[in-house]
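These are the residues of each chain, in order.
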Amino acid sequence: MASLSLDVNPWNLTAVLVTALGAGCGPAIQLDDVGGTDGADDGVDDGVDDGVDDGVDDGVTVPPEQQCEVNSDCSPGFFCDAGTCRQEPYNDDDYCYDGGCCYDGGGCCYDGGGYGGPGGCNYYYGDCNTDADCEPTQSCYGGDPYSGYGLTGYCESLPELPECDDDQAPQLVPLPISGAGNGDVVGLAFVDANADEIPDLVVGGQDGASLYLGPIDEPTMALPLPEGTVVHDAVSADINGDGRQDLVVALGESGVAVLLADDVGGFGLGYASDDEGQTVERVIAVDFFDDGTVDIVASGSELTLRIGNGLGGFLPSVPLWGDTVSRATVTAPPNAPRSLLAAETNNVREWVMGEGADTVEDDTPFSHFAVGQWLPLSVGADATFARLVAALGEGSVALDFWGGGATTRYVSAVSSFRDGTTGDLQGDGAEDFLLFGESELTYLAQWPVGSLACERGYDLGDIAALASADTNGNGRAEVVTASGPDLMRWVAE
């Protein structure tokens, strides 16, 4: 049987067929050169006069005419034309018409007849372009969101995390902490309030906040905030350049406040933002423009920037992103500038430190996902890189270990994800992930760095807030949880 050698333009057909085979497409189909009405009788009338009689009876006949309404009513290799199935024409340019299938189902016709002319055969036809086209527990393999040629990838099941054995997950021993006395706890945050490199705990309540100096035992002091202030988050930084660590606190609907450290170990209320119609749930203290002064990035109902003057004051907030941002983080990937990364629903945005440049990262892996929450992760105070985790809901967890770089995605038993934190509970140098929902803490063990090994659930009762840090210097992080007004420290053993 003779064969036609097709030179596809604009595609290289050989590369396409090899790629298609690797991606699970059907086999390459060679076209036979068959004469039917050219003056020589080969015993078969295939209805095509190609001007050449090869003298070979290939045993192929044209099916009887079929009536149709749409292309799917016709046999493979035929399309519906005015109520009758017609054979799909093809030529040396690999064109097809009216959306019919090419080569008896070996590929699909994109743009065929859609714009008044022929289209090309698309060998990548599949289930998806991005992960959003698949189930939450699946990933899109080989998809291209910018192809414009229809669905080109295939939905594949994500790897499921196994249950951790006793050597992979710690036992959590509870140690009660005396309450802070500010009503139900709203937020927990570890800071270094006295610059001794031992984590201190800020406990935010419905009426102010208390500071527990590490190692945690009893509240050291109530923070000087207006009565009725609700504290969601806190970070430490030298805001006014006096060498002492100050505190920046997120006050929900009341915006942001700065507590300046005095020379006797206490704090005084400094900058306080007016209620600008924003809800601030997380704060980051960072030198956004690399000019030597600390600025404040706040996330919540929107992402905003408050530019510092180096003396403890700030300019009015500047909106960076008007969409709700559950959490943002600062990353410093290897051989790349520090950046501010934020996400909302299914978009990722990056601001380059020192430039303030705003770049929408449409081509990052996270832009294909529905991001439920991000957790920042860094290793040590002098970390040279930062990483992110996104819990996507419905049992799917995604990891981005280089701030917009390679992504690893897993299926986890996380069913209701509200918030979480990170910490090296095993003391192996790899920080683990702690996600909590209604009444369970889910531990995701990271090992090696850049991948997850296993998961385990802990029933710790109702959890309103969660934080993790190594407060006793043994190299293993402890976990602090809040339920109502009660605090509990969980020591990993």
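K.L.:
Help me get a handle on the overall build of the protein chain, residues and values and all.
P.N.:
Within the protein chain one finds one helix and 36 strands. The buried share of the protein chain, taken over its 493 residues, is 47%. Sequence-distant contacts in the protein chain: of pairs separated by 6 or more residues, those separated by 24 or more amount to 41%. Of the accessible surface of the protein chain, which amounts to about 22,200 Å², a share of 48% is contributed by carbon and sulfur atoms.

K.L.:
Can you lay out the nonpolar core for me, pointing to particular residues and giving the numbers?
P.N.:
The biggest cluster of nonpolar side chains holds 18 residues, and the ones touching the most others in it are Leu172, Leu425, Leu434, Leu441, Tyr443 and Tyr458. Those elements that provide at least two residues to this core are strand 31 (432-436), strand 32 (441-446), strand 33 (452-458) and strand 36 (486-492). With three residues, the single largest contributor to this core is strand 32. Judged by nonpolar contacts, the second largest core, of 17 residues, contains Leu225, Val249, Leu251 and Leu259.

K.L.:
Can you lay out the pattern of salt bridges for me, pointing to particular residues and giving the numbers?
P.N.:
What the rule picks out here adds up to six salt bridges. Of the charged contacts, one joins Arg456 and Glu163 as a salt bridge, the two residues approaching to 4.0 Å between their closest N and O atoms. With Arg456 in strand 33 and Glu163 in the loop between strand 8 (154-157) and strand 9 (172-177), this pair connects stretches of sequence that are 293 residues apart. Taking the relative accessible area as the measure of exposure, Arg456 reaches 13% and is therefore buried. For Glu163, a relative accessible area of 56% corresponds to the exposed category.

K.L.:
Before we move on, could you go through the sheet that holds strand 31 and cite the residues and values that matter?
P.N.:
The four strands are arranged 30-31-32-33 in an open sheet whose pairing can be described as antiparallel. The open sheet is flanked by strand 30 (419-423) and strand 33, the only strands paired with a single partner. Strand-to-strand twist in this sheet, taken as the mean axis angle between neighbours without regard to direction, amounts to 20 degrees. Bridge count between strand 30 and strand 31: five bridges; the pairing is antiparallel. Paired with Gly420 across the bridge in strand 31 is Leu435.

K.L.:
Now, about the state of the cysteines: what can you tell me, with residues and values included?
P.N.:
Under the criterion given, the structure shown has one disulfide. Here Cys164 is linked by a disulfide to Cys454, with a sulfur-sulfur distance of 2.0 Å. Around the S-S axis, the bridge from Cys164 to Cys454 shows a dihedral of about 100 degrees and counts as right-handed. Here Cys164 is found in the loop between strand 8 and strand 9, whereas its partner Cys454 is found in strand 33, with 290 residues between them in sequence.

K.L.:
Before we move on, could you go through the sheet that holds strand 18 (residues 280-286) and cite the residues and values that matter?
P.N.:
The four strands are arranged 18-19-20-21 in an open sheet whose pairing can be described as antiparallel. Looking at strand neighbours, the two that pair on one side only are strand 18 and strand 21 (318-321), the edges of this open sheet. In this sheet, neighbouring strand axes are inclined to one another by 25 degrees on average, regardless of whether the strands run parallel or antiparallel. Judged from the three bridges that link them, strand 20 (residues 303-306) and strand 21 form a sheet pairing that is antiparallel. Opposite Leu303, over in strand 21, you have Trp321 as the bridge partner.

K.L.:
For unusual backbone geometry, give the residues involved together with the corresponding values.
P.N.:
A cis amide bond links Gly214 to the next residue, Pro215, at an omega of -5 degrees. Examined against the element boundaries, Pro215 turns out to sit in the loop between strand 12 (208-212) and strand 13 (221-222). Backbone geometry places Ala195, a non-glycine residue, at a positive phi of 55 degrees. Relative to the assigned elements, Ala195 resides in the loop between strand 10 (185-191) and strand 11 (200-205). On the accessibility criterion, Ala195 (49% relative accessible area) is partly exposed. A positive phi angle, near 55 degrees, is found at Asp290, a position not held by glycine. Assignment of secondary structure puts Asp290 in the loop between strand 18 and strand 19 (295-300).

K.L.:
Give a description of the pairing of strand 30 that names residues and reports values.
P.N.:
The buried fraction of strand 30 amounts to five of the five residues, a majority that puts the element mostly inside the structure. Side chains of strand 30 alternate between two faces, with Asp419, Thr421 and Gly423 and Gly420 and Thr422 buried alike.

K.L.:
Could you give me a rundown of the confidence of the model for the protein chain, with the residues and numbers involved?
P.N.:
Across the protein chain, the average pLDDT comes to 74, with 66% of residues at or above 70. Across residues 1-41, where pLDDT falls below 50, the model places 72 contacts with residues more than four positions away in sequence or in other chains. Low pLDDT (under 50) marks residues 90-119, which in the prediction has 79 contacts with non-local residues, meaning those over four places away or in another chain.

K.L.:
Residue-level account of the side chain of Arg489, with values.
P.N.:
Note on placement: Arg489 falls in strand 36. Here Arg489 is buried and forms no salt bridge, its nearest opposite-charge partner Glu478 lying at an N-O distance of 4.2 Å.

K.L.:
Tell me about the environment of Val352, and please be specific about residues and values.
P.N.:
Relative to the elements of secondary structure, Val352 occurs in strand 24 (residues 347-352). Assessed through its relative accessible area of 13%, Val352 is described here as buried. If near-sequence neighbours (up to four positions away) are discounted, Val352 is found in contact with Pro337, Arg338, Ser339 and Ala357.

K.L.:
Describe the side chain of Gln278, with residues and values.
P.N.:
Counting through the fold element by element, Gln278 comes out in the loop between strand 17 (267-272) and strand 18. Polar side-chain contacts of Gln278 include one of 3.4 Å to the side chain of Ser317.

K.L.:
Outline the environment of Gln446, supporting the account with residue identities and numerical values.
P.N.:
Mapped onto the elements, Gln446 comes out in strand 32. Separated by 13 residues in the primary sequence, Gln446 and Phe433 have C-alpha atoms spaced 7.4 Å apart.

K.L.:
Tell me about the environment of Gly356, residues and numbers included.
P.N.:
Relative to the assigned elements, Gly356 resides in the loop between strand 24 and strand 25 (357-360). For Gly356, a relative accessible area of 27% corresponds to the partly exposed category. Considering only alpha carbons, one finds Gly356 and Phe289, 67 residues apart in sequence, at a separation of 6.4 Å. Setting aside anything within four residues of it in sequence, one finds Gly356 in contact with Phe288, Phe289 and Trp351.

Parameters and conventions
- Residues numbered from 1 in each chain as written.
- Predicted model: local features only at pLDDT ≥ 70, side-chain atom pairs only at ≥ 80, totals over all residues.
- Heavy atoms only, no water.
- Helix = DSSP H or I, 4+ residues; strand = E, 2+ residues; numbered from the N terminus.
- Buried < 20%, exposed > 50% of the residue type's maximum accessible area, 1.4 Å probe, protein only.
- Contact = heavy atoms within 4.5 Å.
- Areas by Shrake-Rupley, 256 points an atom, 1.4 Å probe, with all protein chains shown as cover.
- Core = buried A, V, L, I, M, F, W, Y, C linked by side-chain atoms within 4.5 Å.
- Salt bridge = Lys/Arg side-chain N within 4 Å of Asp/Glu carboxyl O.
- Pairing = 2+ DSSP bridges.
- Axes fitted to C-alpha atoms, helices over the stretch in contact; angles between N-to-C directions.
- Disulfide = S-S within 2.5 Å.
- pLDDT = per-residue confidence, 0-100.
- Lys, Arg positive; Asp, Glu negative; His and termini not counted.
- Polar contact = N/O pair within 3.5 Å; in protein donor to acceptor, adjacent residues only side chain to side chain.

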